[in-house]
Amino acid sequence: MPLSQGLSLEVRPLTASDAESCDQIILSLPHYFGHEVGRLACAQAVRTSDGWVAVLGEHVVGFLTVEPHFATTLEITWMAVHADYRGQGIGRQLMSRLQQEAQIRGYRLLLVATLSPSVDDEGYAARRAFYQAVGLLPLQEVPLYWGVGSQPALLLVMPL
Ligand SMILES: CC(C)(COP(=O)(O)OP(=O)(O)OC[C@H]1O[C@@H](n2cnc3c(N)ncnc32)[C@H](O)[C@@H]1OP(=O)(O)O)[C@@H](O)C(=O)NCCC(=O)NCCS
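Q: A description of the site of the ligand should follow, citing residues and the corresponding values.
A: Residues in contact with the ligand amount to 19 residues; listed here are only the nearest, Met79, Arg86, Gly87, Gly89 and Arg127. Take Val81: an N or O atom from its main chain is 2.8 Å from an oxygen atom of the ligand. In the environment of the ligand, an oxygen atom lies 3.1 Å from a nitrogen or oxygen atom belonging to the backbone of Gln88. Within the complex, 73% of the 910 Å² of free accessible area of the ligand lies under protein. Counting atoms within 2 Å of the grid points, the majority share of the ligand lands in the largest pocket. Looking at the shell around the ligand, the elements with two or more residues in it are β4 (73–81), α3 (90–104) and α4 (122–133). Top contributing element to the shell around the ligand by residue count: α4, with 6 residues. Residue composition of the shell around the ligand, grouped by class: 12 nonpolar, 4 polar and 3 charged.

Okay, structure coming up:
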């Protein structure tokens, strides 16, 4: 769905009342969030973590959540833009706001972990392309990052 000319996009902090809208965004992306365990973890994160939402008119159309590591590093734990609104710059605006807020709070690095390119998966290739397009740099591939039997992760970072 193209962004409506009359409505402006606002990025603001995630609040408890946004949680169900975030759940709906995840449900709009079954190809990317196909596992119940992941959906539950994301549902938990939007209810407990810091984050930001992109709001179009009165509708939340995208979000991201973060977790701090030490005083230096902020990890993007979950991020999604509603299927109807992908590819129109909303993810880039969320990232831009995150960078500003992370700098204001004194963080020095943004971190994200995603599936390694050594695993052939079209959806994850698109995520990696997005993260790199908005300025994250590949740091290291880590086998078993998510535990025994898990697939290898690619860690990406962005100095702030
Ligand atoms: C990944 C995601 C958050 C990106 O948000 P978005 O609003 O669609 O992305 P944007 O339109 O802001 O794209 C920003 C840049 O990323 C790149 N990009 C975005 N989607 C891409 C794709 N599927 N393939 C290649 N590059 C892509 C574009 O080059 C774009 O650069 P441009 O501004 O120069 O055109 C969103 O598409 C999404 O929710 N995907 C499914 C869930 C997911 O993968 N979440 C992330 C991991 S939890």
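Q: An account of the nonpolar core is requested, with residue identities and associated values reported.
A: Ranked by internal contacts, the top residues of the largest apolar core, which has 27 residues, are Leu64, Ile90, Leu94, Met95, Leu98, Leu110 and Leu136. Per element, the largest residue contribution to this core is 5 residues, and it comes from α3. Not counting residues up to four positions away in its chain, the partners in contact with Leu136 are Met95, Leu110, Val112, Tyr131, Leu156, Val157 and Met158.

Procedures and definitions
Residues numbered from 1 in each chain as written. Predicted model: local features only at pLDDT ≥ 70, side-chain atom pairs only at ≥ 80, totals over all residues. Heavy atoms only, no water. Near = heavy atom within 4 Å. Polar contact = N/O pair within 3.5 Å; in protein donor to acceptor, adjacent residues only side chain to side chain. Areas by Shrake-Rupley, 256 points an atom, 1.4 Å probe, with all protein chains shown as cover. 1 Å grid on protein atoms, 1.4 Å probe; cavity = no way out; pocket = protein on both sides within 12 Å on 5 of 7 lines; lining within 4 Å. Sits in = over half its atoms within 2 Å of the grid points. Helix = DSSP H or I, 4+ residues; strand = E, 2+ residues; numbered from the N terminus. Nonpolar A, V, L, I, M, F, W, Y, C, P; charged D, E, K, R; others polar. Core = buried A, V, L, I, M, F, W, Y, C linked by side-chain atoms within 4.5 Å. Buried < 20%, exposed > 50% of the residue type's maximum accessible area, 1.4 Å probe, protein only. Contact = heavy atoms within 4.5 Å.

Coordinates in, geometry out; function isn't part of it.
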